[in-house]
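# Working through the structure, step by step
Each chain, written out:
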Amino acid sequence: MIEALNNLIQPLYTMPLEGVALWVLAENALIFFASLVIGHVAVKIFKSHAITAPPPPITSIEIVLAISCVILNSLITGLGVILWRAGIVQLRPVDGIVGIFVDCVVLFFAMDFAMYVFHRVAHHPLLYPLIHDTHHRFDNPRPLTLFVLNPFETLGFGALWLVVISIYHSTFVGMIVYLTLNVAFGLIGHLGVEPFPRRWLELPLIRWISTSTFHAEHHQDRHHNYGFYTLLWDRLFGTLSPDYTAEFQNAAAPTQ
Ligand SMILES: [Zn+2]
Ligand SMILES: [Zn+2]
């Protein structure tokens, strides 16, 4: 089963590039629509756990930016396939469940750190207006906001990913699991509602994993919470919001 999943990518090795383009576009469009549907359902279910005021009606600029993000993510995926065919990105054959777990852990923490650094750099006054201000124009997040990025920012995150997978030779299954987690964390961060229970911050290790409140706070306070999957780097570098615990408990508390 895992072997079959790992071999799913093989046809892309020899397929004409036009075919690869269609596949990566379809895959990214599917991720986009599935995220919006799942996000919409989550917002409805947890609507009594609002973190921020409801967002204003969707504007056409958000839709244009989100579509450009999906197209650029497809381009990054396609570049990944080309780098794999050129032998620069190498995929390890499946070598057991432990190996896949190690892949997920390595990709998760490597990308968490790289994205923390990229995000902090993007907040530098010289770069902020060029690459990151666009995302912060939508500070009452909704699921769509995950995709509402300046094209340079989308390409920046994509470039980080291509560098990491060029250095670390993961299994394809490990990549799929990591990429699924990546979308899940991105979506949770832009729900605008807190799906996790109050107990979250009392659980050992789990309390280090980011929540919806964690990223929603960054949208309200640009000087804190630059991380994505964990609180690790914000704690380490002193950028965790001092209000994080209080705001999480407030949002996670039942309000009805
Ligand atoms: Zn955001
Ligand atoms: Zn930011």
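If you're wondering where the values come from, they're calculated on a predicted model, not measured in any experiment.

Counting secondary structure elements, the protein contains 11 helices and 0 strands. When the helices and strands of the protein are read in sequence order from the N terminus, they spell out α-α-α-α-α-α-α-α-α-α-α. Taking 256 residues into account, the globule formula puts the C-alpha radius of gyration at 18 Å, and the protein, at 18 Å, falls close to it. In terms of principal-axis extent, the alpha carbons of the protein reach across some 55 × 40 × 35 Å. Among the 256 residues that make up the protein, the fraction classed as buried is 46%.

Attention shifts here to the coordination of the zinc ion (ligand 1). At this site the zinc ion (ligand 1) is bound by His135 (NE2), His190 (NE2), His215 (NE2) and His219 (NE2), with donor distances of 2.0 to 2.1 Å. Because the angles between the 4 donor atoms bound to the zinc ion (ligand 1) fall within 95 to 151°, the donor set is best described as irregular. We note that the donor set of the zinc ion (ligand 1) lies within a single chain, spaced as H-x54-H-x24-H-x3-H. Here His135, found in helix α6 (residues 128–136), pairs with His190, found in the loop between α8 (172–189) and α9 (212–220); they are 55 residues apart in sequence, far enough to count as distant. A single burial state applies to His135 and to His190, both of which are buried.

Binding of the zinc ion (ligand 2) to the protein goes through His119 (NE2), His123 (NE2), His132 (NE2), His136 (NE2) and His218 (NE2), at separations of 2.1 to 2.2 Å. Mapping the donors of the zinc ion (ligand 2) onto the primary sequence yields the spacing H-x3-H-x8-H-x3-H-x81-H. Here His136 lies in helix α6 and His123 lies in the loop between α5 (97–122) and α6, a separation of 13 residues in the sequence. His136 shares its class with His123; the two are buried.

A few words now on the packing of aromatic side chains. Applying the stated criterion across every chain, the model contains 17 aromatic pairs. One aromatic cluster in this structure is built from Phe108, Phe109, Trp161, Tyr178, Phe185 and Tyr229.

Within the largest apolar cluster, 27 residues are counted, with the highest numbers of intra-cluster contacts made by Leu12, Leu107, Met111, Trp161, Ile165, Tyr178 and Tyr229. Elements represented by at least two residues in this core include exactly α3 (17–45), α4 (60–85), α5, α7 (151–167) and α8. In terms of residue count, the dominant contributor to this core is α5 (6 residues). In contact with Trp161, not counting residues within four places along its chain, are Ile76, Leu107, Met111, Met175, Tyr178 and Leu179. Counting 15 residues, the second-largest nonpolar core is a separate cluster that includes Cys69, Leu146, Phe147 and Val148.

What counts and what doesn't
Per chain, residues are indexed from 1 in the order of the written sequence. Whichever chain is written first is A, and whichever ligand is written first is 1; the rest continue in order. pLDDT decides what is reported in this predicted model: residues at 70 or higher carry local features, side-chain atom pairs at 80 or more are listed and counted, and totals for whole chains, interfaces and linings draw on all residues regardless. Only heavy atoms go into the side-chain values, all of them from the structure, while hydrogens and water stay out. Strands here mean DSSP runs of E at least two residues long; helices mean DSSP runs of H or I at least four residues long; both are numbered from the N terminus. The quantity called the radius of gyration is restricted to C-alpha atoms. Its globule counterpart is 2.2 Å times the number of residues to the power 0.38. Summary of the burial criterion: residues with accessible area below 20% of their type's maximum are buried, those above 50% are exposed, and those between are partly exposed, where the area comes from a 1.4 Å probe applied to protein chains only. Atoms are scored as donors when they are N, O or S and lie within 2.8 Å of the metal, with 3.2 Å used for Na, K and Ca; no water is included, so coordination may look incomplete. Between 85 and 135 degrees for all angles marks four donors as tetrahedral; over 155 degrees for opposite donors together with 65 to 115 for all other angles marks four donors as square planar and six as octahedral; every other arrangement is irregular. Note on aromatic pairs: the rings of Phe, Tyr and Trp (six-membered ring only in Trp) are paired at centre separations within 6.5 Å, and the planes decide the class, stacked below 30 degrees, edge-to-face beyond 60, tilted for the rest. Nonpolar cores are built from buried Ala, Val, Leu, Ile, Met, Phe, Trp, Tyr and Cys residues. Side-chain atoms within 4.5 Å join them into one set. What makes two residues a contact is simply this: any of their non-hydrogen atoms within 4.5 Å.

Interpretation note: all reported values are geometric properties and have no functional meaning in isolation.
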